[in-house]
Amino acid sequence: MNTQRISVLGLGSMGRALASTLLKAGHEVTIWNRTPGKAGDLRARGAREAPSLEEAIETSDLTLACLLDDASVRETLTPAIGKLTGRTLVNLTSGSARQARELAGWLAKNEVRFLAGGIMAVPPAIGTDEAFILYSGPRDLFDHVAPVLASLARPHWVGEDHGYAALYDMGALSGMYGMIAGVSHATALVDAEGGDVGTFIREVLHPWMKQMLPLMFAEPDPGESNAEMQATGLETMISTSQEAGVPGDLTGHLRAALWEMRRAAA
Ligand SMILES: NC(=O)c1ccc[n+]([C@@H]2O[C@H](COP(=O)([O-])OP(=O)(O)OC[C@H]3O[C@@H](n4cnc5c(N)ncnc54)[C@H](OP(=O)(O)O)[C@@H]3O)[C@@H](O)[C@H]2O)c1
C-alpha cells in the first residue's frame, strides 16, 4: 500500500486510536484537536501536530474527522471550509442520517469530496480483524480511498446516499443499547427485590443471553414460542417491574443511570 498523507481531526479516544493505527500502517499522519495537549504518544511515534486546523487540512490528501457530534463537526469546519475545497473529507463522527445528508449538501456546495462513515468498533478494536466501518457516498470515491481506510478497519460501503452509514450505524446502536438496556433493567429488577445481582448475572442472565442471541436472527418457529405466550410473558415482565418500582420502559433505567454518571463526571 502506498504511503498517504492523512490528517485526523479530533483526538478523543477514537481519534487517537485512528491516528495511532494509521501511523502503524506507515502513513504520514497530521493530527489536530480543539484543545491542545491531547496527542499522548502520537508525536513521539511520528505524527505531526498541526498548529492550526487550516494547516492540518492543507497538509494532507485526505482528512478524517472524528469529533463528538454533528454540531462539533459543523462548528469546526465552518471557518476552514475554503481549505477543504477540492479535497476529500471522511467524517467518522456519529450522527443521524438527516445530519449526514445535510452535511453532504453543504460540502458539495463547497466542492468537497465527501464520504460519511459510521464506526462499528470500540477504540481498542481499531486495526483488528473484528472492526468494521460503514461508509456511504459516491462509490468511485469510496473505491479510491478504501485501500487507506482498510488499515483502520474493514471498510464496508452501504450506498450512494450519504445518510445510509449513519442510518445503519444508529440501527446497530439500537440493537446494542437494546441489549445494554435489557441487562441494566434486569439487574435493577433483581436488585430492587433483594436478589444477589452478581450470582444472577453469572448463573442466569449471561448464559440465558448467550442462548437467546443466535435465536434473535433465526426464523421464528411459532409452534415453539407462539405470539400469545410471548405477549403474555412480556406483560408479566412489565408488571413484575412495576411491582418492584423499576420503570417498565426498558430504556428508562439505563437512561437515568447514564445521565447520573454524566452528572457525576462533570
Ligand atoms: N469511543 C467509542 O467507543 C466509539 C465507537 C464508535 C464511534 N464513536 C464515535 O466517534 C466519535 C468520537 O468519539 P470519542 O470516543 O473519541 O469521543 P471523546 O473521547 O469524547 O472525544 C470527543 C472529541 O470531540 C472533540 N470535540 C467535542 N466538541 C467539540 C467542538 N465543539 N469542536 C471541536 N471539537 C470538539 C473533543 O475535543 P476536545 O478535546 O477539545 O474536547 C475530542 O477530540 C463520536 O462521534 C463517537 O460516537 C466512538
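Everything numeric in this text was worked out from a predicted model, so none of it was measured.

### Some thoughts on the overall build of the protein
In step 1: Counting its secondary structure elements, the protein contains 10 helices and 8 strands.
In step 2: When its C-alpha atoms are laid out on the principal axes, the protein stretches across 60 × 40 × 30 Å.
In step 3: Taken over 266 residues, the protein has a buried fraction of 39%.
In step 4: Summarising the internal contacts of the protein: among those between residues at least 6 apart in sequence, 61% fall at separations of at least 24.
In step 5: In the structure as shown, the protein presents an accessible area of about 14,900 Å², 56% of it carried by carbon and sulfur atoms.
In step 6: Between the averaged position of the 22 positive side-chain charges in the protein and that of its 31 negative side-chain charges there is a distance of 11 Å.

### A short note on the site of the ligand
In step 1: Around the ligand, the surrounding shell holds 22 residues, and the nearest of these are Met 14, Asn 33, Thr 35, Lys 38 and Ser 94.
In step 2: Thr 76 is positioned with one of its side-chain polar atoms (N or O) 3.4 Å from a nitrogen atom of the ligand.
In step 3: Secondary-structure elements contributing two or more residues to the shell around the ligand are helix H1 (13-24) and helix H3 (70-77).
In step 4: Residue composition of the shell around the ligand, by class: 9 nonpolar, 10 polar and 3 charged.

### Considerations on the sheet that holds strand S3 (residues 48-49)
In step 1: Pairing in this open sheet of 8 strands is mixed, and the strands run S3-S2-S1-S4-S5-S6-S7-S8 from one edge to the other. Here the strands that pair on one side only, and so sit at the sheet edges, are S3 and strand S8 (154-159).
In step 2: Where strand S7 (residues 132-136) lies against S8, 5 bridges are found, and the strand directions are parallel. From the neighbouring strand, Tyr 135 faces S8, where its bridge partner is Trp 157.
In step 3: Lying on the sheet, helix H7 (residues 164-192) is in contact with strand S6 (113-120), S7 and S8; it crosses S6 at an angle near 10 degrees.

### Looking at the domain arrangement of the protein
In step 1: Split by domain assignment, the protein resolves into domain 1 (5-161) and domain 2 (170-265).
In step 2: Each of domain 1 and domain 2 has a C-alpha centre, and these two points are 35 Å apart.

### Quick notes on a nonpolar patch on the surface
In step 1: A cluster of nonpolar side chains, Met 176, Tyr 177, Ile 180, Leu 258 and Met 261, forms an exposed patch at the surface whose accessible area comes to about 450 Å².
In step 2: Those elements that provide at least two residues to the nonpolar patch are H7 and helix H10 (250-265).
In step 3: When residues of the nonpolar patch are assigned to their parent elements, the largest contribution, 3 residues, is made by H7.
In step 4: Tracing the backbone shows Ile 180 in helix H7.

### Things to note about the environment of Asp 191
In step 1: For Asp 191, the position within the fold is in helix H7.
In step 2: With relative accessibility at 51%, the residue Asp 191 sits in the exposed group.
In step 3: Along the sequence, Asp 191 and Val 246 sit 55 residues apart, while their C-alpha atoms lie 9.9 Å from each other.

### Overview of the packing of aromatic side chains
Where two aromatic rings form a pair, the distance of their centres and the angle of their planes describe that pair.
In step 1: Taken as a whole, this structure holds 2 aromatic pairs when the rule is applied.
In step 2: Between the aromatic rings of Tyr 164 and Tyr 168, the centroid separation amounts to 5.6 Å while the plane-to-plane angle is 40 degrees, which identifies the pairing as tilted. Of the two residues, Tyr 164 and Tyr 168 both sit in helix H7, 4 residues apart, roughly one turn of that helix.
In step 3: Given a relative accessible area of 29%, Tyr 164 falls into the partly exposed group.
In step 4: Its relative accessible area of 41% is what places Tyr 168 among the partly exposed residues.

### With respect to the layout of surface pockets
In step 1: Approximately 1,500 Å³ is the volume found for the largest pocket.
In step 2: Along the wall of the largest pocket there are 39 residues; nearest its centre are Met 14, Leu 67, Leu 68, Asp 69 and Ser 94.
In step 3: The element contributing the most residues to the lining of the largest pocket is H10, with 6 residues.
In step 4: Class assignment of the residues belonging to the lining of the largest pocket gives a composition of 20 nonpolar, 11 polar and 8 charged.
In step 5: Domain assignment of the residues forming the lining of the largest pocket places at least three in each of domain 1 (5-161) and domain 2 (170-265).
In step 6: For the second largest pocket, the calculated volume is near 1,100 Å³.
In step 7: In terms of lining residues, the second largest pocket is bounded by 29 residues, among which Trp 208, Met 209, Met 212, Met 216 and Gln 230 are the most central.
In step 8: Broken down by secondary-structure element, the contributors of at least two residues to the lining of the second largest pocket are H7, helix H8 (197-216) and helix H9 (227-244).
In step 9: Here the element with the most residues in the lining of the second largest pocket is H8; it accounts for 9 residues.
In step 10: Tallied by class, the residues present in the lining of the second largest pocket amount to 20 nonpolar, 6 polar and 3 charged.

Parameters and conventions
Residues numbered from 1 in each chain as written. Predicted model: local features only at pLDDT ≥ 70, side-chain atom pairs only at ≥ 80, totals over all residues. Heavy atoms only, no water. Helix = DSSP H or I, 4+ residues; strand = E, 2+ residues; numbered from the N terminus. Buried < 20%, exposed > 50% of the residue type's maximum accessible area, 1.4 Å probe, protein only. Contact = heavy atoms within 4.5 Å. Areas by Shrake-Rupley, 256 points an atom, 1.4 Å probe, with all protein chains shown as cover. Lys, Arg positive; Asp, Glu negative; His and termini not counted. Charge placed at Lys NZ, Arg CZ, Asp CG, Glu CD. Near = heavy atom within 4 Å. Polar contact = N/O pair within 3.5 Å; in protein donor to acceptor, adjacent residues only side chain to side chain. Nonpolar A, V, L, I, M, F, W, Y, C, P; charged D, E, K, R; others polar. Pairing = 2+ DSSP bridges. Axes fitted to C-alpha atoms, helices over the stretch in contact; angles between N-to-C directions. Domains from an automatic or database assignment. Patch = residues over 30% accessible without salt bridge, like charges linked within 9 Å, V, L, I, M, F, W, Y side chains within 5 Å. Salt bridge = Lys/Arg side-chain N within 4 Å of Asp/Glu carboxyl O. Phe/Tyr/Trp six-rings, centres within 6.5 Å; stacked < 30°, edge-to-face > 60°. 1 Å grid on protein atoms, 1.4 Å probe; cavity = no way out; pocket = protein on both sides within 12 Å on 5 of 7 lines; lining within 4 Å. Points joined across faces, edges and corners; volume = space filled by probe spheres on them.

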